[in-house]
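Residue strings, one per chain:
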Amino acid sequence: MKKIRTGIILAIGLGLSACASVDTASRNIPLEAPQMLPAAPVVALADYNIKVSRSLRVSEANMYYPMGDIVWRGDAMGDRHEQVARIFQDSLIQVQQQNQQGALPGVVDIDLLRFHALTEKTRYTIGGVHSIAFNMTVRNPVTGEVIVPTYEVKADLRGYGGSKALAAEQQGLTQKLRITRHLANVIAQELATPGSAPKGVTELVAGLETAAQG
């Protein structure tokens, strides 16, 4: 295994984009009721592990819908598995910095399933959806006992296109910034109440709202 600090694991395995589509839900449209998991205590993030398996396929094709598990253009060309792991790391650091007094300390294990951000072709034309999914487990930091069993979290985020994408870029609202904040908010909500994050395409980007988002 290749490790980046104690919090990130890039699993070595055997070795689907930004979904270019019309948004079906937003923060202004009621979403389906979330499926709650069994009751669990509010968890304060004590530590974390991030697994981005090398078996996840990376696509660099500049198409509306390239086939692959990881599609990412928000960093310079490089190790996409490592870049995505660092996005999750930055998100989890934001969660740790939140006020968590009185909560039960927990270790969060993140196992990436899919990370489809927008390709250049999609971002500068029609826009689409940052399609992100991962498995999440919460454990006791001392005993290793499972506090919240493994379950899948879908964290899809509306991605800007065309003039809106350009306007957002000019204000510093990059794909990377929006996705990082979105994941931090989704994970924080899941730690408060597992299974509570809204389903569908959402905009959990509190603190990043600007006129460019229209």
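Provided above is the structure to which this section pertains.
Everything quoted here is computed from the prediction, not taken from an experiment. Positions within a chain are numbered from 1, following the residues in the order the chain's sequence is written. With the structure being a predicted model, the display of local features is reserved for residues of pLDDT at least 70 and the display and counting of side-chain atom pairs for 80 or more, all residues being used for whole-chain, interface and lining totals. Excluded from the side-chain calculations are hydrogens and water; all other atoms, namely the structure's heavy atoms, are used.

Draft legend 1. Geometry of the pattern of salt bridges. Salt bridges are defined by distance alone: a side-chain nitrogen of Lys or Arg within 4 Å of a carboxyl oxygen of Asp or Glu. Considering all chains together, one arrives at 9 salt bridges under this definition. Of the charged contacts in the structure, one is a salt bridge between Glu60 and Arg80, with a shortest N-O distance of 2.7 Å. In this pair, Glu60 sits in the loop between β3 (43-51) and β4 (70-71) while Arg80 sits in helix α1 (residues 80-96), placing the two residues 20 residues apart along the sequence. Glu169 is the partner of Arg123 in a salt bridge, and the nearest nitrogen-oxygen pair spans 2.7 Å. Of this pair, Arg123 sits in helix α2 (residues 120-123) while Glu169 sits in helix α3 (residues 162-170); the two residues are 46 residues apart in sequence, bridging distant segments of the chain. Residue classification places Arg123 among the buried positions, given a relative accessible area of 3%. The structure contains a network of salt bridges with shared partners spanning Glu60, Arg73, Arg80 and Glu120. Counting from the N terminus, the helices are the DSSP runs of H or I reaching at least four residues and the strands are the DSSP runs of E reaching at least two. With a 1.4 Å probe rolled over the protein chains alone, any residue whose accessible area is under 20% of its type maximum counts as buried; one over 50% counts as exposed, and the rest are partly exposed.

Draft legend 2. Molecular detail of the environment of Glu120. Its place among the elements puts Glu120 in helix α2. Judged by relative accessible area, Glu120 falls into the partly exposed class, the value being 35%. With 46 residues separating them along the chain, Glu120 and Gly74 place their C-alpha atoms 9.7 Å apart. A distance of 3.2 Å separates a polar atom in the side chain of Glu120 from a polar atom in the side chain of Arg73. N or O atoms within 3.5 Å of each other form a polar contact, as long as, within protein, one can give a hydrogen and the other can take it, and as long as residues adjacent in sequence are counted only when both atoms are side-chain atoms.

Draft legend 3. Seen up close, empty space enclosed by the protein. By volume, the second largest cavity amounts to about 30 Å³. Residues are said to line a cavity or pocket when one of their atoms sits within 4 Å of a point; the points come from a 1 Å grid over protein atoms alone, cavities being sets where a 1.4 Å probe fits but cannot get out and pockets being open sets with protein on both sides within 12 Å along at least five of seven lines. As for the second largest cavity, its lining consists of Arg123, His130, Gly159, Tyr160, Leu173, Thr174, Gln175 and Arg178. By the convention adopted, Pro, Cys, Tyr, Trp, Phe, Met, Ile, Leu, Val and Ala count as nonpolar, Lys, Arg, Asp and Glu as charged, and the other residues, Gly among them, as polar. Taken together, the residues of the lining of the second largest cavity break down into 2 nonpolar, 4 polar and 2 charged. Grid points are joined across faces, edges and corners, and a volume is the space filled by probe spheres set on the points.

Draft legend 4. Local environment of α1. The terminal C-alpha atoms of α1, which comprises 17 residues, lie 24 Å apart, in line with the 24 Å expected from a rise of 1.5 Å per residue. Of all the residues in α1, the buried ones are Arg80, His81, Gln83, Val84, Ala85, Ile87, Phe88, Gln89, Ser91, Leu92 and Val95. At the N-terminal boundary of α1, the capping side chain belongs to Asp79, with an oxygen 3.1 Å from the backbone nitrogen of His81. Here the expected length of a helix is defined as 1.5 Å per residue gap, with one fewer gap than residues.

Draft legend 5. The arrangement of the packing of aromatic side chains in detail. Any two rings among Phe, Tyr and Trp, with Trp reduced to its six-membered ring, count as a pair given centres within 6.5 Å; such a pair is stacked if its planes are under 30 degrees apart, edge-to-face if over 60, and tilted if neither. The tally for this structure, following the rule as stated, stands at 3 aromatic pairs. A centroid spacing of 5.6 Å and a plane angle of 80° characterise the contact between Trp72 and Phe115, whose relative ring orientation is edge-to-face. Within this pair, whereas Trp72 is found in the loop between β4 and α1, its partner Phe115 is found in strand β5 (residues 104-116), the two being separated by 43 residues in sequence. Each member of the pair Trp72 and Phe115 is classed as buried. Whether a charge lies above a ring is judged from NZ of Lys or CZ of Arg, which has to be within 6 Å of the ring centre and within 35 degrees of the ring normal. In this structure, Arg178 packs its charged tip against the face of Tyr160, placed 4.1 Å from the ring centre.

Draft legend 6. View of the nonpolar core. Residues belong to one nonpolar core when they are buried, are Ala, Val, Leu, Ile, Met, Phe, Trp, Tyr or Cys, and are joined through side-chain atoms within 4.5 Å. With 37 residues, the main nonpolar core has Phe88, Phe115, Phe134, Met136, Ile179 and Leu191 as its most contacted residues. When residues of this core are traced back to their parent elements, those giving at least two are β3, α1, β5, β6 (128-139), β7 (146-154) and α4 (175-192). By residue number, the principal contributor to this core is α4, which donates 7 residues. Contact criterion: two residues are considered in contact whenever any of their non-hydrogen atoms come within 4.5 Å of each other. Excluding its chain neighbours within four sequence positions, the residues that come into contact with Leu191 are Pro41, Val42, Val43, Leu45, Val95, Val108, Met136 and Val138.

Draft legend 7. Representation of the environment of Ile132. By secondary structure assignment, the location of Ile132 is in strand β6. With 16 residues separating them along the chain, Ile132 and His116 place their C-alpha atoms 6.1 Å apart. Excluding residues that lie within four positions of it along the chain, Ile132 makes contacts with Phe88, Arg114, Phe115, Val153, Lys154, Ala155, Asp156, Ile179 and Leu183.

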